[in-house]
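Chains, contacts and geometry: an overview
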Amino acid sequence: MHRSTHHDLPGVTAAFPRILLALLEDRGLNGQALLKDLGLDATVLASPEGRVSPRQYAGLAAGALELSGDPGLGLQLALRTPPTAHGNLGVAMMSSATLGDAMQLALRYMPLLQSNLPLHLQLDANRVTLSLGNDVPLPAPLHRYFSEAMLFGVFRSATWILGCQDLDCELHFDFPAPEPLPACLPTCRYDQPRCQISFAPDLLALPLPMADSATRARAIEHCEREAALYGAPTAGLCSRVRQELERSPQCPPNLAQVAARLHLSERSLKRHLQAAGTSFRLLLTAVRQQHARQLLKHGEVPLHRIAEQLGYTDPSNFTRAFKRWTGKTPSALRRTQSERGRT
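Owing to the predicted nature of the structure, the values given are computational and were not obtained by experimental measurement. (Residues numbered from 1 in each chain as written. Predicted model: local features only at pLDDT ≥ 70, side-chain atom pairs only at ≥ 80, totals over all residues. Heavy atoms only, no water.)

A short note on unusual backbone geometry
- In the segment running from Glu179 into Pro180, the intervening peptide bond is cis, with an omega of -5 degrees.
- With respect to the helices and strands, the residue Pro180 is situated in the loop between strand E5 (169–172) and strand E6 (187–189).
- For Asp191, which is not a glycine, the phi torsion comes out positive at approximately 55 degrees.
- On the secondary structure map, Asp191 appears in the loop between E6 and strand E7 (196–199). (Helix = DSSP H or I, 4+ residues; strand = E, 2+ residues; numbered from the N terminus.)

Overview of the packing of aromatic side chains
- What the rule picks out here adds up to ten aromatic pairs.
- Consider the rings of Phe152 and Phe173, whose centres lie 5.5 Å apart with planes at 35 degrees: the pair is tilted. A residue pair is termed long-range when its members are at least 10 positions apart, and Phe152 in helix H8 (residues 140–162) and Phe173 in the loop between E5 and E6 qualify at 21 residues.
- A relative accessible area of 0% places Phe173 in the buried class.
- Arranged with centres 5.5 Å apart and planes meeting at 20 degrees, the rings of Phe173 and Tyr190 form a pair that is stacked. With Phe173 in the loop between E5 and E6 and Tyr190 in the loop between E6 and E7, this residue pair connects regions lying 17 residues apart in the sequence. Of the two residues, Phe173 and Tyr190, both sit in the buried class.
- Sitting over the ring of Tyr312, Arg288 keeps its end group 5.1 Å from the ring centre. (Phe/Tyr/Trp six-rings, centres within 6.5 Å; stacked < 30°, edge-to-face > 60°. Buried < 20%, exposed > 50% of the residue type's maximum accessible area, 1.4 Å probe, protein only. Lys NZ or Arg CZ within 6 Å of the ring centre and 35° of its normal.)

A closer look at the packing of helix H1 (residues 15–26) against helix H4 (residues 54–68)
- Where H1 contacts H4, the two axes come as close as 11 Å, and the packing angle between them is 10 degrees. It follows from the interaxial angle that H1 and H4 lie roughly parallel. Within the contact between the two elements, H1 uses Phe16, Pro17, Leu20, Leu21 and Leu24 and H4 uses Tyr57, Leu60, Ala61, Ala64, Leu67 and Ser68.
- A class-by-class count of the residues in the contact of H1 with H4 yields ten nonpolar, one polar and no charged. (Axes fitted to C-alpha atoms, helices over the stretch in contact; angles between N-to-C directions. Parallel < 35°, antiparallel > 145°, perpendicular 65-115°, else oblique. Contact = heavy atoms within 4.5 Å. Nonpolar A, V, L, I, M, F, W, Y, C, P; charged D, E, K, R; others polar.)

Details of the sheet that holds strand E4 (residues 128–132)
- Taken together, the five strands give an open sheet; going across it, the order is E3-E4-E7-E5-E6, and neighbouring strands pair in mixed fashion. Two strands lie at the open edges of the sheet, namely strand E3 (119–123) and E6, each paired on one side alone. Direction aside, neighbouring strands of the sheet carry axes that sit 20 degrees apart on average.
- Pairing of E5 with E7, which is carried by four bridges, proceeds in the antiparallel orientation. By the bridge assignment for E7, Leu171 is matched with Ile197.
- On top of the sheet, helix H7 (residues 99–113) reaches E3, E4 and E7; it is set at about 145 degrees to E3, its chief contact.
- Packed on one face of the sheet, H8 meets E3, E4, E5, E6 and E7 and runs near 155 degrees to E4. (Pairing = 2+ DSSP bridges.)

Brief notes about the nonpolar core
- If you look at the biggest cluster of nonpolar residues, it comprises 68 residues, and the most contacted ones within it are Leu20, Tyr57, Leu77, Tyr145, Phe146 and Phe173.
- Element by element, the count of residues in this core is highest for H8, at eleven residues.
- When near neighbours in sequence (up to four residues on either side) are disregarded, Phe173 contacts Ser147, Glu148, Leu151, Phe152, Cys188, Arg189, Tyr190, Asp191, Gln192, Arg194 and Cys195.
- Within the second largest apolar cluster, 14 residues are counted, among which are Leu237, Leu269, Phe280 and Val287. (Core = buried A, V, L, I, M, F, W, Y, C linked by side-chain atoms within 4.5 Å.)

Observations regarding the pattern of salt bridges
- Tallied over the full model, the rule gives ten salt bridges.
- Ionic pairing is found between Glu170 and Arg189, a salt bridge with its closest N-O pair at 3.1 Å. Separated by 19 residues along the polypeptide, Glu170 in strand E5 and Arg189 in strand E6 bring together distant segments of the chain.
- A salt bridge links Arg261 to Glu244, with the shortest nitrogen-to-oxygen separation between them at 3.1 Å. A residue pair is termed long-range when its members are at least 10 positions apart, and Arg261 in helix H11 (residues 255–261) and Glu244 in helix H10 (residues 236–247) qualify at 17 residues.
- The buried category is assigned to Glu244, whose relative accessible area is 7%. (Salt bridge = Lys/Arg side-chain N within 4 Å of Asp/Glu carboxyl O.)

Comments concerning the environment of Ala307
- Mapped onto the fold, Ala307 is located in helix H14 (residues 303–309).
- Overall, Ala307 belongs to the buried group, its relative accessible area being 0%.
- As a C-alpha pair, Ala307 and Phe318 span eleven residues in sequence and 5.7 Å in three-dimensional space.
- Beyond its immediate chain neighbours, meaning those up to four positions away, Ala307 contacts Tyr312, Pro315 and Phe318.

Digging into the pairing of E3
- Pairing between E3 and E4: five bridges, direction antiparallel. Bridging across to E4, Leu123 finds its partner in Val128.
- In sequence, E3 turns back onto E4 through a hairpin of four residues.

Let's talk about helix H15 (residues 315–326)
- Here H15 contains twelve residues, and its C-alpha end-to-end distance of 16 Å stays within 8% of the 16 Å for a straight helix at 1.5 Å per residue.
- Inspection of H15 places Phe318, Ala321, Phe322, Trp325 and Thr326 among the buried residues, and these make up the whole buried set. Viewed end-on, H15 has its buried residues packed into an arc of 110 degrees, placing them on one side of the element. Of the residues in H15, the exposed ones pointing more than 90 degrees away from the buried face are Arg320 and Arg324.
- A positive backbone phi angle near 85 degrees is found at Gly327, which sits one or two residues after H15. (Expected span 1.5 Å × (residues − 1). Arc of directions from axis to C-beta.)

None of the figures reported here should be taken as evidence of function without further support.
And the structure:
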């Protein structure tokens, strides 16, 4: 018997599947045929208030990637999605006073649009960074789809609400560079430790041309009602578990130790993570993968030492695990990084 999890709840706005189907139709492809197997109703996708589950959206994206043969479909979706497709959150962002105000709203209410892809903010004197959470590892094609859809979507939304065609920012992706590379877009770097978008803090103060405090207040009220209605889940607990794992990646704490630090029983922690569509093991895998990428950037560290630091007593087990995560062996990724460093 299948147990319902967060991935079965209506946590994704229907706007994204609707735009994805339109992309297929523009290419003369029948995306509607994908809906039946996923239990999706076309009338739900057509409704402004329509919502689907993360599992259904992932299934539709996987079918669309196979049907189109275009691995860059996530980027195309991002370029096709204006802030107005984000409903009340889009209106609230566009009517904010500054880009920083709009970004804070996006972080606060993002679960209303897509509850399974959290964004994490890091702000210092030199850079603002929004990192994409990867608490539930996905197959490589879907990982690329959702990473590009989200990060290029952030870039595209910022240019829309600022009323400009360009924005000085940099995008990082943790997968190999696609061929051909995206054109007329911000600087993109590949085979990086994590997926993120970063820009100078000065951009947060940029005024927005459609600022209107009354419109913004009304839109936020609607966002609050939606949050109460749908019980929009957050990735707070997953993020706290990851923080505990990231404190000592060379010797990560076990489930019992993390549960004790969070003042939970092991059983409660397992239950909460399962409800969020993930597990302690998947979170540990995600942290190990990120740490491995960071260590591989240092060419002087031998692979057997990296394996040891990640808790693998046999380097061959690390090699197999890394290839399963990324599609490349550690040696192959290191060669790629070295070649790019010389160009």
